[in-house]
Amino acid sequence: LFDVSAAGTELTASAEWNLVDILPTLPANGGLEGIAWIPDADLTARGFLDENTRAVYDPARYAGHGDGLFFVGVEGTARIYAVALQEGGAASLVATIDPKLALVAEVAYDAASGLLYAVCDEACDGEIHAMAIAQNGPFAGTFQNVVSYANPAGMDDGIANEGFAIGTCSN
C-alpha cells in the first residue's frame, strides 16, 4: 500500500503483506502474476464460500481487512488465491480457485457481470477463462468456469499476453 499524496519522486510503502506463509512454495519465475480486488458486497451477495468455515464468506471473520478480498493469480501453481489483507501485515487465505489453465498470468474482475477472468500466456495459446460463483449444486459458492476464449483469429498463439483489462463502453 502506497501513499501517493506525499510530495517527492519516491514512493514509500505505508503497509506491506508477505504471503509466503499462506501460499505454497513457489519455483523461480512462478510467483504472483495478477491481482484483482472484489468487494465484500459482491462476494456476499453471490454466496461466495469461505474454505476455512465451509460456509458463506463472512467479512467480519477477517477483522481489519477493508471491504474486499484480493484475488492473486500465481503462475507456478496455476491457481488463484482469495486473500484477506488485514491490519499489521497479517494475511488470511479465504479460498483457492482452480481456473483449469496450465498457468495463471493475469487475473481481472468485471463488477458489472460478476465474472472473474483468468488469463494464460503462450503456455495455453493465450486462452482466457471467465468464472462465476456457482449458485447451486455441488460447487455452490465457488468460482467455476462459465466460458473460455481463445486468442483472436490471426493472432500468434506464441505471444505471452500477460495483461487484461475490462472496460465499459457507452454512447
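Located above this text is the structure these notes cover.
This structure is a prediction, so every number in the text was calculated from the model and none was measured.

Each value, and the rule that gives it
Residues numbered from 1 in each chain as written. Predicted model: local features only at pLDDT ≥ 70, side-chain atom pairs only at ≥ 80, totals over all residues. Heavy atoms only, no water. Pairing = 2+ DSSP bridges. Helix = DSSP H or I, 4+ residues; strand = E, 2+ residues; numbered from the N terminus. Axes fitted to C-alpha atoms, helices over the stretch in contact; angles between N-to-C directions. 1 Å grid on protein atoms, 1.4 Å probe; cavity = no way out; pocket = protein on both sides within 12 Å on 5 of 7 lines; lining within 4 Å. Points joined across faces, edges and corners; volume = space filled by probe spheres on them. Nonpolar A, V, L, I, M, F, W, Y, C, P; charged D, E, K, R; others polar.

Caption draft 1: Representation of the sheet that holds strand β7 (residues 106-110) in the model. Strand order in the open sheet made by the four strands is β7-β8-β9-β10, with antiparallel pairing throughout. Looking along the sheet, the strands with just one partner apiece sit at the ends: β7 and β10 (143-149). Mean inter-strand twist for the sheet, computed between neighbouring axes without regard to direction, equals 25°. The pairing of strand β9 (residues 128-133) with β10 spans six bridges and is classified as antiparallel. The residue of β10 that forms the bridge with I128 is Y149.

Caption draft 2: Focus on unusual backbone geometry. The phi torsion at A78 lies on the positive side, around 55°, for a residue other than glycine. When you line up the elements, A78 lands in the loop between β4 (68-74) and β5 (79-85). A positive phi is found at D125, a non-glycine position, where the angle reads about 55°. By the element assignment, D125 lies in the loop between β8 (115-119) and β9.

Caption draft 3: Summary view of the layout of surface pockets. Here the largest pocket defines a volume of roughly 240 Å³. As for the largest pocket, its lining consists of W17, N18, L19, V20, L23, L26, L32, I35, F70, V72 and L85. Sorting the residues of the lining of the largest pocket by element identifies β1 (32-39) and β4 as the ones contributing at least two each. Tallied by class, residues from the lining of the largest pocket come to ten nonpolar, one polar and no charged. In terms of lining residues, the second largest pocket is bounded by F48, L49, E51, A95, T96, I97, D98, K100, F139, T142, F143 and Q144. Of all the secondary-structure elements, those providing two or more residues to the lining of the second largest pocket are β6 (91-97) and β10.

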